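# Working through the structure, step by step
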Amino acid sequence: MALSLHLDQPSWLHRRHPIAKVLVLALLFVAAFLLDHPAPLGLLLALALAVAASARALPVLYRMRWLLIPVFVFTTIIWTVFYPATAGAPVDRWVAFRYGLGMALRLETFLATGFVFLATTTIEEFAFALSRLGVPYRAGFVLTLAFRLVPVFLDAALAVRDAQRCRGLDFTTGNVAARLARYVPVIVPVFIGGLRRADQMAFALEVRGFSAGRPRTSLPRPGADAGDLLLLGVGLAITAAVVALRVAGIGRLVAQ
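Residues numbered from 1 in each chain as written. Predicted model: local features only at pLDDT ≥ 70, side-chain atom pairs only at ≥ 80, totals over all residues. Heavy atoms only, no water.

### Overview of the overall build of the protein
- Across its full length, the protein carries 10 helices and zero strands.
- Reading the helices (α) and strands (β) of the protein from amino to carboxyl end gives α-α-α-α-α-α-α-α-α-α.
- Here the contacts in the protein between residues at least 6 apart in sequence split such that 77% fall between residues at least 24 apart.
- Roughly 15300 Å² of accessible area belongs to the protein as shown, and the carbon and sulfur atoms make up 71% of that amount.
- In the protein, which carries 25 positive and 13 negative side-chain charges, the distance between the mean positions of the two groups comes to 2 Å. (Helix = DSSP H or I, 4+ residues; strand = E, 2+ residues; numbered from the N terminus. Contact = heavy atoms within 4.5 Å. Areas by Shrake-Rupley, 256 points an atom, 1.4 Å probe, with all protein chains shown as cover. Lys, Arg positive; Asp, Glu negative; His and termini not counted. Charge placed at Lys NZ, Arg CZ, Asp CG, Glu CD.)

This is the structure in structure tokens:
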């Protein structure tokens, strides 16, 4: 079972420079954050899905449907119920529903663009882009290490669960409390294995001079080309258009 989100396949987005992809990802996050009307947010999400389809990253979004669908449904319901209306004023439920839908589409845009980025960018490229953008090496290492270790821990948890099943432990019967209690023999080995892995990783990093304090070197990478500049230009144009919509009062739902 493949747990990593990266898809090792050729596509126009895989070939783009990692710095350009990180900058465009940040621009799209800013654009989505500035909007709360469902119509422009829906267009932004449709654009993210079109990019995913052209980069052959839709299988990653399909794999993450267990997260995308509940987030969309529950966010819409929660923000519709708890619409931030003015105190004492009657609540227009249609406006509240549109506001909740807009919040859900905003989160879906964040998740979809993030998953497309992880599907088309390796962890090494992500770390390289962060270091070239001025992020301290240690901070970038910790961030990329989280993306690297989450699939490892999930893989270990699935292996331990399968081993416990082979020993006769049934995770499918009983009430919720009983089922959760049966996961204790799974959590304990995964936690102990994580501590052991962290200890071994710390030794390995020290052996490789992680805290040596000397200037770091890296393999040379090709610079940005015309395609990278075009991608960055499209990201800037989208963000500029969203800022113009916000200044014009379009794309916002004013709380009543």
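### A closer look at helix α5 (residues 93–120)
- Taking 1.5 Å of rise per residue, the 28 residues of α5 would be expected to cover 40 Å, and the 40 Å separating its terminal C-alpha atoms lies within 8% of that figure.
- Along α5, 20 of the 28 residues are buried, which leaves the element largely enclosed by surrounding structure. (Expected span 1.5 Å × (residues − 1). Buried < 20%, exposed > 50% of the residue type's maximum accessible area, 1.4 Å probe, protein only.)

### Considerations on a nonpolar patch on the surface
- A cluster of nonpolar side chains, contributed by I69, F72, V73, F74, I77, I78, W79, V81 and F82, occupies part of the molecular surface with about 860 Å² of accessible area.
- Summarising the element assignment, V73 is placed in helix α4 (residues 65–81). (Patch = residues over 30% accessible without salt bridge, like charges linked within 9 Å, V, L, I, M, F, W, Y side chains within 5 Å. Salt bridge = Lys/Arg side-chain N within 4 Å of Asp/Glu carboxyl O.)

### Overview of unusual backbone geometry
- The phi angle at R56 is positive, at roughly 55°, despite the residue not being glycine.
- If you trace the backbone, R56 turns up in the loop between α2 (38–54) and α3 (58–63).

### Points about the pattern of salt bridges
- Tallying each qualifying case throughout the model produces three salt bridges.
- The closest approach of N and O atoms between D228 and R16, which form a salt bridge, is 2.8 Å. Here D228, found in helix α10 (residues 226–247), pairs with R16, found in the segment before α1 (18–34); they are 212 residues apart in sequence, far enough to count as distant. Comparing D228 with R16, the two get one shared label, buried.
- Note that D162 and R161 form a salt bridge whose closest N and O atoms lie 3.7 Å from each other.
- What you see here is one network of salt bridges that share partners, running through R16, D225 and D228.

### A look at the environment of V176
- By the secondary structure assignment, V176 is in helix α8 (residues 176–182).
- Residue V176 is classed as exposed on the basis of its relative accessible area of 62%.
- The sequence separation of V176 and R106 amounts to 70 residues, and the corresponding C-alpha distance is 32 Å.

### Quick look at the nonpolar core
- L5, L44, V60, L61, M64, F115 and F117 are the most contacted members of the largest nonpolar core, which has 35 residues in total.
- Contributing elements (two or more residues each) for this core: α1, α2, α3, α5, α6 (123–132) and α10.
- Setting aside residues no more than four positions away along its own chain, L61 makes contact with L49, A52, L68, A112 and F115.
- Core analysis: the second largest hydrophobic core is formed by five residues, Y83, V95, A96 and Y99 among them. (Core = buried A, V, L, I, M, F, W, Y, C linked by side-chain atoms within 4.5 Å.)

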